[in-house]
Structure formats: structure tokens, C-alpha cells
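Residue-level listing of the chains:
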Amino acid sequence: MAGSRQTIGVLALQGDVREHELVLEKLGVAHRQVRTPADLAGIDGLIIPGGESSVIDKLSRIFELREPLIAAIAEGLPVLGTCAGLILLATRVIGAIDGQQTFGGLDIEVERNAFGGQLESFEMSFDMPIIDGEPVRAAFIRAPIIRDVRGCAIIATLPNGEIVGVRSGACVGIAFHPELVGETRVHAWWLNSVVAGAQR
Amino acid sequence: MAEKTVGTPLVKSGLAEMLKGGVIMDVVTADQAKIAEDAGAVAVMALERVPADIRSQGGVARMSDPDLIDQIIAAVSIPVMAKARIGHFVEAQVLQSLGVDYIDESEVLSPADYVNHIDKWPFTVPFVCGATNLGEALRRITEGASMIRSKGEAGTGDVSEATKHIRTIRGEIAALSAKSEDELYVAAKELQAPLELVRLVAREKKLPVVLFVAGGVATPADAAMMMQLGADGVFVGSGIFKSGNPVERAKAIVKATTAFTDAKVIADVSRGLGEAMVGINVSDLPAPHRLAERGW
């Protein structure tokens, strides 16, 4: 179960790092900020937070985290990417800036700012089959939409059919922010069903 | 909330949360916006003249030409902010209609109302406002601001005012959180802020919104110092495009803001940057030209 001797890394180059840490604290899970390649050693899973995907990409190269991250993901390190984190896990990005790169992990095509600018940012509740009980509440901030899922499993869809969450093995990406609204069940599911079951 | 609901307080402050750890850069053209994005800016602030030019040229400083804002929005994929004059709610309505991602109700422009700030609650677009102390920050939040920045003394390259504001705000929060419940009534009176908000800050030991620093940040070391003092991120105004080598300086400030505790990185990125912006000492500015005193 969540909390039992897991240590989760949170990629802390830019973005809403603190909000993810607060969710992990609520769930009783140890966490550590990942800023250098050495910080990746010994973690059981990694969260890539929301932020600006183009900036986190650049910083990951500047601080020489990009190659170690790609290697860790390829070796099966469980990863949860939210919003910018989802974009950084996608193999193809629509609307990327010149030279923008990703880590890969999810063989999907994702469109940046797919709902529009901040005026179109929204919060809503929607059903996620993997989460029991009440609908999941989340914020979508200049959020991406997944346009092509290839072989990945869809884990979240809005009522109008927009795909906002996928999983491929130990790699999970969601377009929204449960961490901004105090929603802990998506993280708990990832810890219990993905991180705890990972074969590494 | 089974429907998409826009413009909620959470959605407004949520974008600011995503900007944390980043650098927001002033730009006056679409080309500069692209340079800023390529250098790693987390957002750009579109304006007609950078503060250093507003100071040297004088006159009334207003919202930018909508054409310029359209061009900047078209040029970049990162959030675009734009400035409205303090109290000028129609400039804010115009900026919202243009689709900017954030409005800065800014003392850098000439105030349009010396009594009232904009009532920010009715807007879908979020606002960032300047503050020199905790009371001012809480009054702006009460009016609907979703992000607070220090005022600093924009356009000077002198970081001392920004330092004073962030230290003051952080110090006042620390003092507030040390008070007992029965002392918060007087604290609210002294801060001239609502009791509920004062209680929230005392309990959480932080503002309920993101706190950036702005005004006079000109070097990587300035940016890192603001981060070490507890800022969530930095605005850099005239400091980049008024310097000798904007591209390298912008990249250097981005790196120093991320690695703000690593003096070796800050040293490395500070090498060979060329001229910093010329700079004016705040103490040399006659009082009527000090921006921090605009807004209340």
C-alpha cells in the first residue's frame, strides 16, 4: 500500500513541485526533490509536475538530467506526469517550440495548450473508471489533450470524449492537476497500482 | 461541477503555481518574446516600453497597443501577461478580450485611479499585483489578485527595494504566525486586511497565492538572492533587453533561478555576460519618481 517504505522523487526544476509534495505528505509517503542525476538513485517512482514543458525540457538538458531520466524511464522507473509532465513523457508533441524535446515513455501524440489560453482553463469533476467513489475533481491549466494513443491504455476521458489520461506499463500521464484541488486518489492509485507493482 | 467551469479562484491562482521556479521577462516586440521563450522564460510580460525607458522618456505610461499584444500572443506558446494601469478596469477589460493569460495591475504604468484598485473578482483572466508589505498584499488578494509580486523599483537595475519588500512580507508573515488567536484581531486592524485572510496567513505561514519578486533584478546573482529570500520566482524587466547581451543574460538568469543555492553554477553563468543594464541608484531618485509608492 501507499506509504510502505516507498520514496517518491519529484522532479524539481520548475513548476508546482510543492503541491505534489503536499499530496505525498497527506498519503504518508516519503519524498525527495530530484534536481541532479544523483537524486534519482533509490527512488521507487518519479513525479514530473506541472509547469512549462519547454522550460523543464531546457533545464533538464542544462543540468544534465535528460539522459539519466530517459535511461531510468526505459528501465521501468514508475513515472507520473501531470500536464507539462504528460507532454514531457509523450513521444510526439503538437505545438512544441523549436528544438523542444521530450523524455518519451508514452508512445502518444499530445497537443500543447489544446483547450486554449488561460481564459479557457477550467476545473471540473469527471468519472475515472480506475478511481472508485465520487467523480475526480481536477484543474486543467492551459492543459494539453492526447490526440493519438497508439498502444497506450486510456485511463481518463472527459464526457465529450477528449482523452486526458493514459498509461503504458509503469508510465502514467494525465493532462490535469489533481494536486491543485486536494484530490489525492489519483496519486494513491498510482502508488498502489503502478509503483507498488513495478517489476524493476 | 460536472461542467467545465472557467475563471474560478483556483484556476486563476493555478496558473501562477505552474510558473513557480521560473523567470517572467518583459518584452516590447514579438521578436523579443521569441528570444525570451527560447532562453527559457516561463512567461513573458508584453509592454510598450520597458520601465527604464518609461523613466527616461517620462510622460503617461499606458496599456500597450492591442496589435502589439496580438503579435506577442501569436509569437509564443508560453503564457503572455500584459500591464494595465492601477484602477483602469477598462484597460483590463480590453486585455481580457485580447486573450492575455494574466494581467499585471502595475505601478510601472501611470495610475488611472488614486483611490481604488481594479475589482478583480468579475474577471475570468487572473491578475498579479505589486505589494511592498503584507497588508498591501492582503488588500490586493481581497480585491481578487491571484498572484503577488514585490514592487521593487522597476527600471533602475537596483535590487534593494525588491529585497526590502520580500524581507518585509516574509518577516510580517513570520511575526503573524507567532501571534496567538486573540492577537489576530488587532493584527488585522493594523494590516488593514480582513480577519479571515489574516487568520489563514497566520495558520499556513504563507500567502494564499504565489509570491514573485519584481523590480531591479539585473543579474543571475540578483535572481538567486531573491529565490534564497523565499520568492517563488522572479520577474525581470529592463534587466535583460537593456543589457549588452540579452540572449546570454536571459539564459543565465533562468539557470541561476533554478540552481539558486549553488554558488558555483551562479558563478559560471555570470561569466562574460557583458554589460548589465546601466542602472540608477534608488536613493538618487526624487521621491515623486519612486514607483513603489504608487498603490496602497
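To be clear, the structure that these remarks concern was listed above.
All values derive from a computational prediction rather than experimental measurement. (Residues numbered from 1 in each chain as written. Chains lettered and ligands numbered in written order. Predicted model: local features only at pLDDT ≥ 70, side-chain atom pairs only at ≥ 80, totals over all residues. Heavy atoms only, no water.)

Trainee: Run through the overall build of chain A, naming residues and quoting values.
Mentor: Looking only at helices and strands, chain A has five helices and twelve strands in total. The C-alpha atoms of chain A give a radius of gyration of 15 Å, which matches the 16 Å a tight globule of 200 residues would have. The principal-axis extents of the C-alpha atoms in chain A amount to approximately 45 × 40 × 30 Å. Considering chain A as a whole, with its 200 residues, one finds that 60% of them fall into the buried category. Counted over contacts in chain A with a minimum sequence separation of 6, partners at least 24 positions apart contribute 66%. Looking at chain A as shown, the accessible area adds up to about 7000 Å², and 48% of this sits on carbon and sulfur atoms. (Helix = DSSP H or I, 4+ residues; strand = E, 2+ residues; numbered from the N terminus. Rg over C-alpha atoms; globule rule 2.2 N^0.38 Å. Buried < 20%, exposed > 50% of the residue type's maximum accessible area, 1.4 Å probe, protein only. Contact = heavy atoms within 4.5 Å. Areas by Shrake-Rupley, 256 points an atom, 1.4 Å probe, with all protein chains shown as cover.)

Trainee: Describe the sheet that holds strand β8 (residues 136-140) of chain A, naming the residues involved and giving the relevant values.
Mentor: The pairing of strands in a sheet happens through backbone hydrogen bonds and is either parallel or antiparallel. Across the sheet, which stays open at both edges, the three strands sit in the order β8(A)-β7(A)-β1(B) with antiparallel pairing between neighbours. Strand pairing shows two members of the sheet lacking a second neighbour, β8 of chain A together with β1 (5-6) of chain B, which therefore form its edges. Bridging between strand β7 (residues 122-126) of chain A and β8 of chain A involves five bridges; their strand directions are antiparallel. Each residue of the ladder has a partner; that of Phe-122 of chain A, found in β8 of chain A, is Phe-140 of chain A. (Pairing = 2+ DSSP bridges.)

Trainee: Please give an account of the pattern of salt bridges that cites residues and values.
Mentor: With the rule as written, the count across this model stands at 34 salt bridges over all chains. Ionic pairing is found between Asp-57 of chain A and Arg-61 of chain A, a salt bridge with its closest N-O pair at 2.6 Å. Separated by four residues within a single helix, Asp-57 of chain A and Arg-61 of chain A lie in helix α2 (residues 53-62), roughly one turn from each other. Accessibility expressed as a relative area gives 1% for Asp-57 of chain A, which makes it buried. Salt-bridge contacts for Glu-136 of chain B lead to Lys-151 of chain B; the nearest nitrogen and oxygen are separated by 2.6 Å. (Salt bridge = Lys/Arg side-chain N within 4 Å of Asp/Glu carboxyl O.)

Trainee: I'd like to hear about the nonpolar core, residue by residue, with values.
Mentor: If you look at the biggest cluster of nonpolar residues, it comprises 166 residues, and the most contacted ones within it are Leu-11, Phe-126, Phe-140 and Trp-190 of chain A together with Leu-138, Met-147 and Met-226 of chain B. Leave out the neighbours within four places in its chain, and Met-147 of chain B touches Ala-16, Leu-19, Ile-24, Met-81, Tyr-102, Phe-127, Val-128, Cys-129, Val-209, Val-210, Phe-212 and Phe-235 of chain B. Formed by six residues, the second largest nonpolar core is a distinct cluster that contains Ala-61, Val-108, Leu-109 and Leu-291 of chain B. (Core = buried A, V, L, I, M, F, W, Y, C linked by side-chain atoms within 4.5 Å.)

Trainee: Just give me the short version of the packing of aromatic side chains, but keep the residues and values in it.
Mentor: Residues and elements named next belong to chain A. Taken as a whole and assessed by the stated rule, the structure comprises nine aromatic pairs over all chains. Considering the side-chain rings of Phe-126 and Phe-140, the 5.9 Å spacing of their centres and the 55° angle between planes classify their relative orientation as tilted. One end of the pair, Phe-126, is in strand β7; the other, Phe-140, is in strand β8, with 14 residues separating them in the sequence. For Phe-126, a relative accessible area of 3% gives the class buried. Relative to Phe-176, the ring of Phe-140 has its centre 5.5 Å away and its plane inclined at 45°; by these criteria the two rings are tilted. (Phe/Tyr/Trp six-rings, centres within 6.5 Å; stacked < 30°, edge-to-face > 60°.)

Trainee: Can you break down the interface of chain A and chain B residue by residue, with the values?
Mentor: Chain A puts 41 residues into the contact, and the matching count from chain B is 41 residues. Here chain A and chain B share an interface that buries about 3000 Å² over both sides, 63% of which is from carbon and sulfur atoms. Per-residue buried area on chain A facing chain B is highest for Gln-118, Leu-119 and Glu-123 of chain A; these three make up 23% of the total on that side. Remark: the boundary between chain A and chain B carries three salt bridges. Between Glu-19 of chain A and Lys-20 of chain B there is a salt bridge, with the nearest N and O atoms lying 2.7 Å from each other. Elements supplying a minimum of two residues to the side of chain A that touches chain B: α1 (17-26), α2, β7 and β8 of chain A. (Buried area = accessible area lost by both parts, 1.4 Å probe.)

Trainee: Can you lay out the environment of Gly-165 of chain A for me, pointing to particular residues and giving the numbers?
Mentor: Residue position: Gly-165 of chain A is located in strand β11 (residues 163-168). The residues contacting Gly-165 of chain A, other than those within four sequence positions of it, are Ile-146, Ala-153, Ile-154, Ile-155, Ala-156, Gly-173 and Ile-174 of chain A.

Trainee: Quick rundown of the sheet that holds strand β3 (residues 43-46) of chain B? Include the residues and the values.
Mentor: Residues and elements named next belong to chain B. Taken together, eight strands build an open sheet; the order of strands is β8-β7-β6-β5-β4-β3-β2-β9 and the sheet is parallel. Only two strands of the sheet have a single partner each, and these edge strands are β8 (210-212) and β9 (234-236). Recorded for the sheet is a direction-independent mean angle of 30° between the axes of neighbouring strands. Judged from the three bridges that link them, β3 and strand β4 (residues 80-85) form a sheet pairing that is parallel. Following the sheet pairing, Ala-46 is matched in β4 by Ala-82. Seen against the sheet, helix α2 (residues 30-39) touches β2 (23-27) and β3 and runs at an angle of roughly 160° to β2. (Axes fitted to C-alpha atoms, helices over the stretch in contact; angles between N-to-C directions.)

Trainee: How would you summarise a negative patch on the surface if you had to cite specific residues and measurements?
Mentor: Residue and element names in this part refer to chain B. Taken together, the side chains of Glu-48, Asp-65, Asp-67 and Asp-70 define an acidic patch exposed on the protein surface. Tracing the sequence through the fold places Glu-48 in the loop between β3 and α3 (51-57). Judged by relative accessible area, Glu-48 falls into the partly exposed class, the value being 45%. (Patch = residues over 30% accessible without salt bridge, like charges linked within 9 Å, V, L, I, M, F, W, Y side chains within 5 Å. Lys, Arg positive; Asp, Glu negative; His and termini not counted. Charge placed at Lys NZ, Arg CZ, Asp CG, Glu CD.)

Trainee: Outline the side chain of Ser-146 of chain B, listing residues and values.
Mentor: All names here are of chain B. As for its position among the elements, Ser-146 is in the loop between α6 (134-142) and β7 (147-150). Judged by its relative accessible area of 5%, Ser-146 falls in the buried class. Setting aside anything within four residues of it in sequence, one finds Ser-146 in contact with Lys-12, Ser-13, Ala-16, Tyr-102, Pro-126, Phe-127, Val-209 and Val-210.

Trainee: So, the pairing of β7 of chain A: which residues are in play, and what are the values?
Mentor: Across the five residues of β7 of chain A, five count as buried, placing the element largely inside the fold. Residue alternation in β7 of chain A divides its side chains into two sets, Phe-122, Met-124 and Phe-126 of chain A and Glu-123 and Ser-125 of chain A, and both sets are buried.

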